[in-house]
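# Reading the structure
As a plain string of letters, each chain reads:
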Amino acid sequence: QAVEARIVAHAPNLVPQRAQLDAAAQVELFESMAARVDTSFSQVAEAAQVPAAVAGYLAEHNLPLRAVMAPDARLDAYPWADQPLLELRRGRAEDADAVGITAAFAGIAESGTIMLLSGPESPSTINLMPDSHIVVLRRSEIVGTYEEAWTALRQRLGDQVMPRTVLFVTGPSRTGDINQTLYLGAHGPRRVHIVLVADGPD
């Protein structure tokens, strides 16, 4: 009975005071925390600017104008045809894919973390295999804490349903295990770039 009561209650864990902020301050904290772990950002004022931001990032870093993109209806809504030089393939990532594009379920301000879900519309291979991972995130999808993100997930899917994988990404993959030398891209992308879409009031 105690276990059942605990599962039903979803009692929150400790919540950092730094994340107990209004929506605008949560966005600022998210950007600050993510930047500390080498996540880069493009800011766009509206959804129509997302494809240009993606193409601009690839050109700035001398990356190919080719990417594998999650077959996500949220991503399909952006006007990719406005960037005719950008080649997109929808589906799972393969060894040759240098750039992957996904949408995020949430951004978590307390640690600058992106929350990603696996599913037919969001293959986990795109989050892990390409060297560069571009994430499209709306300001309204940023929450203060992990507890808020889990609550939002339950509200979307229901208490008894979970995706096969919930992936938390805090900056590029890294390790310092070898000779105490920091190495990026050890177990996943060496670059994480967020296109942050302003879809709500500042």
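Residues numbered from 1 in each chain as written. Predicted model: local features only at pLDDT ≥ 70, side-chain atom pairs only at ≥ 80, totals over all residues. Heavy atoms only, no water.

### Some points on helix α2 (residues 23-36)
Put simply, the rule is: The helix count covers DSSP runs of H or I at least four residues long, the strand count covers runs of E at least two residues long, and both are numbered beginning at the N terminus. Helix span is expected to be 1.5 Å times the residue number reduced by one. Categorising residues by exposure relies on relative accessible area from a 1.4 Å probe, with only protein chains included: less than 20% of the type maximum marks a residue as buried, more than 50% marks it as exposed, and the intermediate range marks it as partly exposed. As used here, the arc is the angular range of directions from the helix axis to the C-beta atoms.
For α2, with 14 residues, the first-to-last C-alpha span of 20 Å sits near the 20 Å given by 1.5 Å per residue. All of the buried residues in α2 are Gln26, Val27, Leu29, Phe30, Met33 and Ala34. Across the axial projection of α2, the buried residues extend over an arc of 165°, all falling on one side. Exposed positions of α2 whose direction lies more than 90 degrees from the buried face are Glu28 and Arg36. Two residues or fewer past α2, Asp38 is found with a positive phi of approximately 70°.

### As for the sheet that holds strand β3 (residues 87-90)
Note the cut-off: Only strands joined by at least two bridges in the DSSP assignment are considered to pair. Interaxial angles span 0 to 180 degrees and are taken between N-to-C directions of axes, which are lines fitted to C-alpha atoms, for helices over the stretch in contact.
Read from one edge to the other, the open sheet built from 6 strands follows the order β1-β12-β7-β4-β2-β3, with strand pairing classed as parallel. In this open sheet, the two edge strands, each paired with only one partner strand, are β1 (40-44) and β3. For this sheet the average axis-to-axis angle between neighbouring strands, irrespective of direction, equals 25°. Relative to strand β4 (residues 99-103), strand β2 (residues 66-69) runs parallel, the two sharing 2 bridges.

### A word on the pairing of β2
Pairing geometry for β2 and β3, over 4 bridges, is parallel. Considered in β3, the bridge of Val68 is made with Arg89.

### Details of the pattern of salt bridges
Spelled out, the test is: The rule for a salt bridge is simple: a side-chain nitrogen of Lys or Arg has to be within 4 Å of a carboxyl oxygen of Asp or Glu.
Considering all chains together, one arrives at 6 salt bridges under this definition. Salt-bridge contacts for Asp76 lead to Arg90; the nearest nitrogen and oxygen are separated by 2.8 Å. Taken together, the residues Asp76 in helix α4 (residues 73-76) and Arg90 in strand β3 connect sequence positions 14 residues apart.

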